[in-house]
Amino acid sequence: MNRKVSKAIFPVAGLGTRFLPATKSVPKEIMTLVDRPLIQYAIDEARAAGIEDFIFVTSRGKSALEDYFDLAPDLEASLEKAGKTELLEVLRNTNMDSGTIAYLRQHKALGLGHAVSCASKLIGDEAFAVILTDDVIAGEKPCLQQMIEAYQETGGAMVATMEVSPEQTSSYGVLDIADQNGPIVKAKGMVEKPAAGTAPSNLAVIGRYILTPQVLANLETVGRGAGGEIQLTDAIAEEIRAGRDVFGYRFDGQRYDCGSKAGFLQATVAFALARDELRDEFAEFLTQMHAVQQAAQ
Ligand code: UTP
């Protein structure tokens, strides 16, 4: 059976209201952790996992995102002339080959499921990945690569999953667990944003998926779900109802919810401390800040 995963959908058409007013003119995905936009982390993870075709589902006001992936010949020429070879290398690593990126528009923000379904005509009959750029995952082996390796064994549909506290389950899609085998969790149900106290487990779905074309077909019929939006979770849960396999994958790595301010700030600190050229100065600053705060209490 062909279990190649070579296409990834990046739904980036959301309004990003939690970062207003910044997102009035800057797409959330262009906001930077240290010096790299969120979208670059997502692209690097996808490339490392063997993805060859990158499909962006965008919306009005996101042209900065398309510009980001254009070549910058003038900038490259001036860096070359100035002998700034390291920076040139950094810049060139962001280049994408012509024909590997497609941009589609979601005209109305009708939900994540709807955004994914906008790309269905480009998918064909192979399984594909979905990456939410809000979820930045640091770890030795990129999360999507871990999942694609596991998927070679399991087939079916697969979602990245992690434990959250019971108070947080109502913000996520949550798995109803049938069975567990190491990091692989077989699901017998899935519910999007369960009301407080009703979650079937504390295993939350986060923004990495490997899905089959059948999930796209399900999206055509699921209708609106939680929050009045067309939910990807509902289309995946439909697979379980139809008797097909859906797995959760407990990935190895630290996930930052960069769609929230607190998560974005935590990621900024973690990624800055991971950089050799920043670590000492930044750690000293954080220690001082901590001391000032303790003294003020
Ligand atoms: P979020 O739920 O984080 O929504 O979407 P958002 O609009 O990006 O941000 P807030 O909540 O207003 O601050 C999760 C992911 O789904 C995409 C978003 O771009 C994000 O990557 N999405 C969401 C779409 O592409 N289209 C939609 O209609 C909704």
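As a reminder, the structure under discussion sits directly above these lines.
Reading the values: the criteria
Residues numbered from 1 in each chain as written. Predicted model: local features only at pLDDT ≥ 70, side-chain atom pairs only at ≥ 80, totals over all residues. Heavy atoms only, no water. Axes fitted to C-alpha atoms, helices over the stretch in contact; angles between N-to-C directions. Helix = DSSP H or I, 4+ residues; strand = E, 2+ residues; numbered from the N terminus. Parallel < 35°, antiparallel > 145°, perpendicular 65-115°, else oblique. Contact = heavy atoms within 4.5 Å. Nonpolar A, V, L, I, M, F, W, Y, C, P; charged D, E, K, R; others polar. Expected span 1.5 Å × (residues − 1). Buried < 20%, exposed > 50% of the residue type's maximum accessible area, 1.4 Å probe, protein only. Arc of directions from axis to C-beta. Phe/Tyr/Trp six-rings, centres within 6.5 Å; stacked < 30°, edge-to-face > 60°. Lys NZ or Arg CZ within 6 Å of the ring centre and 35° of its normal. Near = heavy atom within 4 Å. Polar contact = N/O pair within 3.5 Å; in protein donor to acceptor, adjacent residues only side chain to side chain. Pairing = 2+ DSSP bridges. Core = buried A, V, L, I, M, F, W, Y, C linked by side-chain atoms within 4.5 Å.

## Here we look at the packing of helix α9 (residues 261-273) against helix α10 (residues 276-296)
Then, number 1: At a minimum axis separation of 8 Å, α9 and α10 run at an interaxial angle of 135 degrees. In terms of axis orientation, α9 runs oblique to α10. Between α9, through Val269, Ala272 and Leu273, and α10, the contact on the second element is made entirely by Leu278, Arg279, Phe282, Ala283 and Leu286.
Then, number 2: Tallied by class, the residues present in the contact of α9 with α10 amount to seven nonpolar, no polar and one charged.

## A closer look at α9
Then, number 1: Helix length check: α9, at 13 residues, gives a terminal C-alpha distance of 18 Å against a target of 18 Å (1.5 Å per residue), a fit within 8%.
Then, number 2: Among all positions of α9, only Gly263, Phe264, Ala267, Phe271 and Ala272 are buried. The arc that holds the buried residues of α9, viewed along the axis, is 160 degrees, so those residues lie on one side. In α9, the exposed residues that point more than 90 degrees away from the buried face are Lys261 and Leu265.
Then, number 3: Those residues of α9 that are buried lie in contact with β2 (32-33), α1 (38-48), β7 (135-138), β13 (254-257) and α10.

## A short note on the packing of aromatic side chains
Then, number 1: Applying the stated criterion across every chain, the model contains nine aromatic pairs.
Then, number 2: Both rings, one in Tyr41 and one in Phe271, keep their centres 5.0 Å apart while their planes meet at 70 degrees; by these two values the pair is edge-to-face. Separated by 230 residues along the polypeptide, Tyr41 in helix α1 and Phe271 in helix α9 bring together distant segments of the chain. For the pair Tyr41 and Phe271, one class covers both residues: buried.
Then, number 3: Considering the side-chain rings of Tyr68 and Phe69, the 5.1 Å spacing of their centres and the 80 degrees angle between planes classify their relative orientation as edge-to-face.
Then, number 4: When its relative accessible area of 23% is taken as the criterion, Tyr68 is described as partly exposed.
Then, number 5: The class for Phe69 is buried, based on a relative accessible area of 6%.
Then, number 6: Put simply, the rings of Phe10, Phe54, Phe56, Tyr68, Phe69 and Tyr103 pair up and form one aromatic cluster.
Then, number 7: The lysine or arginine in question, Arg36, covers the ring of Tyr41, its NZ or CZ lying 4.8 Å from the ring centre.

## Some points on unusual backbone geometry
Then, number 1: The amide bond that connects Leu20 to the next residue, Pro21, takes the cis arrangement and shows omega of 5 degrees.
Then, number 2: Considering the arrangement of structural elements, one finds Pro21 in the loop between β1 (7-11) and β2.

## With respect to the environment of Thr233
Then, number 1: For Thr233, the location among the structural elements is in helix α8 (residues 232-241).
Then, number 2: Accessibility expressed as a relative area gives 4% for Thr233, which makes it buried.
Then, number 3: As a C-alpha pair, Thr233 and Val191 span 42 residues in sequence and 6.8 Å in three-dimensional space.
Then, number 4: Once you skip the residues sitting within four places of it in the chain, Thr233 turns out to touch Gly173, Met190, Val191 and Glu192.

## Considerations on the site of the ligand
Then, number 1: Surrounding the ligand, one finds 16 residues, the nearest of these being Leu15, Thr17, Arg18, Lys28 and Gln106.
Then, number 2: One of the backbone nitrogen or oxygen atoms of Pro11 is found 2.9 Å away from an oxygen atom of the ligand.
Then, number 3: The separation between an oxygen atom of the ligand and a polar main-chain atom of Leu15 is 2.7 Å.
Then, number 4: For the shell around the ligand, the class distribution of residues is eight nonpolar, five polar and three charged.

## Let's talk about the pairing of strand β6 (residues 128-131)
Then, number 1: Neither face of β6 is left uncovered, since the one carrying Phe128 and Val130 and the one carrying Ala129 and Ile131 both have all their residues buried.
Then, number 2: Bridge analysis of β1 against β6 gives two bridges, and the strand direction is parallel. Directly across from Ala8, in β6, lies its bridge partner Ala129.
Then, number 3: By the bridge criterion, four bridges tie β6 to strand β11 (residues 203-211) in an arrangement that is antiparallel. Of the residues in β11, the one forming a bridge with Val130 is Tyr209.

## Comments concerning the nonpolar core
Then, number 1: In terms of nonpolar packing, the biggest core is built from 38 residues, with Phe10, Ile51, Phe54, Phe56 and Ile210 touching the most fellow members.
Then, number 2: When contributions to this core are tallied by element, the ones reaching two or more residues are β1, α1, β4 (53-58), β6, α6 (143-154), β8 (157-163), β11 and β12 (246-250).
Then, number 3: Not counting residues within four places of it along the chain, the set of residues in contact with Ile210 comprises Val5, Ala127, Phe128, Ala129, Leu144, Met147, Ile148, Tyr151, Ala157 and Met158.
Then, number 4: Core analysis: the next-biggest nonpolar cluster, separate from the first, contains 30 residues, Ile9, Leu203, Ala235 and Ile236 among them.

It is worth stressing that arrangement in space is one thing and function is another; only the former is reported here.
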